[in-house]
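Next come the chains, spelled out residue by residue.
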Amino acid sequence: MNAISPEGAPGRETGTVPGTDPGPATGRIVLLTTSHRVAPGLLSWPAWEALRAADRVLCADGAHPQLPYLREAGTAVDEASPTAEELVAACAGGRTVVVVATGEGEPALTDGLARLAGSGRVSMPELELLPASYDLPGARLLDLVQVMDRIRVECPWSSRQTHQGLAKYGIEEAYELVEAIEEGDRDELREELGDVLLQVVFHARIAEEGDPEDGSAPFSIDDVAGGIVAKLIHRHPHVFGDETATTPEEVKEHWLRTKATEKQRTSLTEGIPLGQPGLALAAKLASRVRTAGLEVPLPKGDGAGYELLALAVRAEAEGVDPEAALRAAARAYRDAVRVAEGVDVAAPAPDTVGE
């Protein structure tokens, strides 16, 4: 790529951004940054003003995704990678030069400009960092999808995984998330949420390939997200529709009513996963029965199983999660064991250290 000269592009007049001070005779450098998570060409109005009023527009990357849109809008862009000295010289006489930053953000150029400014021997142009596009909330999820795409193709382990092979990791990550919540460790919570999110994205990426054995149709992470968005909107008519709800109980009533309409189930036991831990399963069944207003006597039987069932139903009726309560009691039991062993209770147990 060629260096640039102080002269502007032929036929262009010296200009400044409308409504701003034209600046000193040393000119102005505008470093224009964009986000790859926003569609090319969707730039802020101040960015378009700066581009249209500039004497030169430069970009070191001839394949930058913004360039076709800038040129279509009538902005001439020169492919050039000037040094800091060359860029300062190009601004002589009060000229404005816009540099469309590459994905790395032009660290070599900005470092060079900082050295020139620090030397005190050069009259520096005004330097402005102008973000031309901003990430929306959730934009980093796009990065996760792209990373997962590449890993699925290039990683020898990840490229061979199936839904069935990953199932156990989903269970493990869910339990680790619950542990982080119960321990009150926010740093661990953030990490475990990421691990659970990874499972969702991983399974969705595998699903894009379909299933050649049973001929099932492929679906993507967008289908997953679209499905849950539609479900949330439908089950919150008090937020997105004409219904009203002022209490959590009314919200739950809306949720259960719309869910029943969607599922068209013949039994309230449908949709309850039988593979979940026993206490949680018993509590879920009890919750369904209580919510439906049914009178279902507990089955009679001998042994610890029936006793635990009765305890779980009682706990659910009292608003206690029996699974969480047992885990809390088990942790207290673990600490008592460590005290009996002479082990420091404050030190993390080997089986609770996250991977």
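Keep in mind that this is a model prediction, so the values were computed, not measured. (Residues numbered from 1 in each chain as written. Predicted model: local features only at pLDDT ≥ 70, side-chain atom pairs only at ≥ 80, totals over all residues. Heavy atoms only, no water.)

1. A word on the packing of aromatic side chains
Stage number 1. Evaluation of the coordinates by the stated rule reveals two aromatic pairs.
Stage number 2. Ring plane angle 75° and centroid distance 6.2 Å describe the contact between W157 and Y169, whose orientation is recorded as edge-to-face. Taken together, the positions of W157 in the loop between helix 5 (140-154) and helix 6 (163-183) and Y169 in helix 6 put the pair twelve residues apart, joining distant regions of the chain.
Stage number 3. For Y169, a relative accessible area of 27% translates into the label partly exposed.
Stage number 4. Ring centres 6.5 Å apart and planes at 65° place the aromatic pair W157 and F202 in the edge-to-face group. One end of the pair, W157, is in the loop between helix 5 and helix 6; the other, F202, is in helix 7 (residues 186-207), with 45 residues separating them in the sequence.
Stage number 5. Taken together, the ring pairs in this structure connect W157, Y169 and F202 into an aromatic cluster.
Stage number 6. Seen from the ring of W255, R235 lies directly overhead, with NZ or CZ sitting 4.8 Å from the centre. (Phe/Tyr/Trp six-rings, centres within 6.5 Å; stacked < 30°, edge-to-face > 60°. Helix = DSSP H or I, 4+ residues; strand = E, 2+ residues; numbered from the N terminus. Buried < 20%, exposed > 50% of the residue type's maximum accessible area, 1.4 Å probe, protein only. Lys NZ or Arg CZ within 6 Å of the ring centre and 35° of its normal.)

2. Let's talk about the confidence of the model for the protein
Stage number 1. When pLDDT is averaged across the protein, the result is 86; 90% of the residues are at 70 or more.
Stage number 2. Of all helices and strands in the protein, the one with the weakest mean pLDDT is helix 10 (residues 248-263) (79), whereas helix 7 scores best (96).
Stage number 3. In the predicted structure, residues 5-20 sits below a pLDDT of 50 and forms 32 contacts with residues beyond four places in sequence or in another chain. (pLDDT = per-residue confidence, 0-100. Contact = heavy atoms within 4.5 Å.)

3. What to know about the state of the cysteines
Stage number 1. For the structure on display, the rule yields zero disulfides.
Stage number 2. Counting only cysteine sulfurs, C91 is the nearest neighbor of C59, a cysteine outside any disulfide, at a range of 16 Å. (Disulfide = S-S within 2.5 Å.)

4. Section: the sheet that holds strand 3 (residues 78-79)
Stage number 1. Here we have five strands laid out as an open sheet, ordered 3-2-4-1-5, and parallel in their pairing. Sheet topology places strand 3 and strand 5 (126-131) at the edges, where each strand pairs with a single neighbour. (Pairing = 2+ DSSP bridges.)

5. Thoughts on a nonpolar patch on the surface
Stage number 1. On the surface, I228, V229, L232, I233, V239 and F240 cluster together into a nonpolar patch covering about 520 Å² of accessible area.
Stage number 2. Mapped onto the nonpolar patch, the elements with two or more residues apiece are helix 8 (221-234) and helix 9 (237-240).
Stage number 3. Ranked by residues supplied to the nonpolar patch, first place goes to helix 8 with four residues.
Stage number 4. Among the structural elements, I233 can be located in helix 8. (Patch = residues over 30% accessible without salt bridge, like charges linked within 9 Å, V, L, I, M, F, W, Y side chains within 5 Å. Areas by Shrake-Rupley, 256 points an atom, 1.4 Å probe, with all protein chains shown as cover. Salt bridge = Lys/Arg side-chain N within 4 Å of Asp/Glu carboxyl O.)

6. As for unusual backbone geometry
Stage number 1. Its identity is not glycine, yet E106 carries a phi of approximately 55°, on the positive side.
Stage number 2. By the secondary structure assignment, E106 is in the loop between strand 4 (96-100) and helix 4 (107-119).

7. Here we look at helix 1 (residues 45-53)
Stage number 1. Burial in helix 1 covers these residues: A47, W48, A50, L51 and A53.
Stage number 2. Among the structural elements, strand 1 (28-33), strand 2 (56-59), helix 2 (67-72), strand 4 and strand 5 are those in contact with the buried residues of helix 1.

8. Some thoughts on the packing of helix 11 (residues 278-292) against helix 12 (residues 304-317)
Stage number 1. Taken N-terminus to C-terminus, the directions of helix 11 and helix 12 make an angle of 50°; their axes are 8 Å apart at the nearest point. When the interaxial angle is binned, helix 11 and helix 12 end up oblique. Two packed elements cross with a definite hand, and for helix 11 against helix 12 that hand is right-handed. Side by side, helix 11 and helix 12 meet where L279, A282, A283, A286, S287 and R290 of the first sit next to L308, L309, A312, V313 and E316 of the second. (Axes fitted to C-alpha atoms, helices over the stretch in contact; angles between N-to-C directions. Parallel < 35°, antiparallel > 145°, perpendicular 65-115°, else oblique. Left-handed = near helix turned anticlockwise from the far one by under 90°.)

9. Topic: helix 12
Stage number 1. The terminal C-alpha atoms of helix 12 lie 20 Å apart, and with 14 residues this matches the ideal 20 Å at 1.5 Å per residue to within 8%.
Stage number 2. Of the positions making up helix 12, those classed as buried are A312, A315 and E316. Within helix 12, the buried residues cover an arc of 95° as seen down the axis, which keeps them to one side. Away from its buried face by more than 90 degrees, helix 12 exposes E307, R314 and A317.
Stage number 3. In the core, the buried residues of helix 12 are packed alongside helix 11 and helix 13 (322-341).
Stage number 4. At the C-terminal side of helix 12, G319 shows a positive phi close to 80°. (Expected span 1.5 Å × (residues − 1). Arc of directions from axis to C-beta.)

10. Description of the environment of G112
Stage number 1. Its location among the elements puts G112 in helix 4.
Stage number 2. Along the sequence, G112 and T83 sit 29 residues apart, while their C-alpha atoms lie 7.4 Å from each other.

11. Quick look at the environment of S159
Stage number 1. Take S159: it is sitting in the loop between helix 5 and helix 6.
Stage number 2. Spatially, the C-alpha atom of S159 lies 8.8 Å from that of I206, the residues being 47 residues apart in sequence.
Stage number 3. Setting aside anything within four residues of it in sequence, one finds S159 in contact with I151, R152 and V153.

12. Digging into the pattern of salt bridges
Stage number 1. Counting across every chain of the model gives 18 salt bridges.
Stage number 2. For R37, the salt bridge identified is with D135, shortest N-O distance 2.4 Å. With R37 in the loop between strand 1 and helix 1 and D135 in the loop between strand 5 and helix 5, this pair connects stretches of sequence that are 98 residues apart.
Stage number 3. Note that D143 and R37 form a salt bridge whose closest N and O atoms lie 2.6 Å from each other. Remark: R37 occurs in the loop between strand 1 and helix 1 and D143 occurs in helix 5; sequence separation between them is 106 residues.
Stage number 4. By sharing partners, the salt bridges in this structure join R37, D135, R140 and D143 into a single network.

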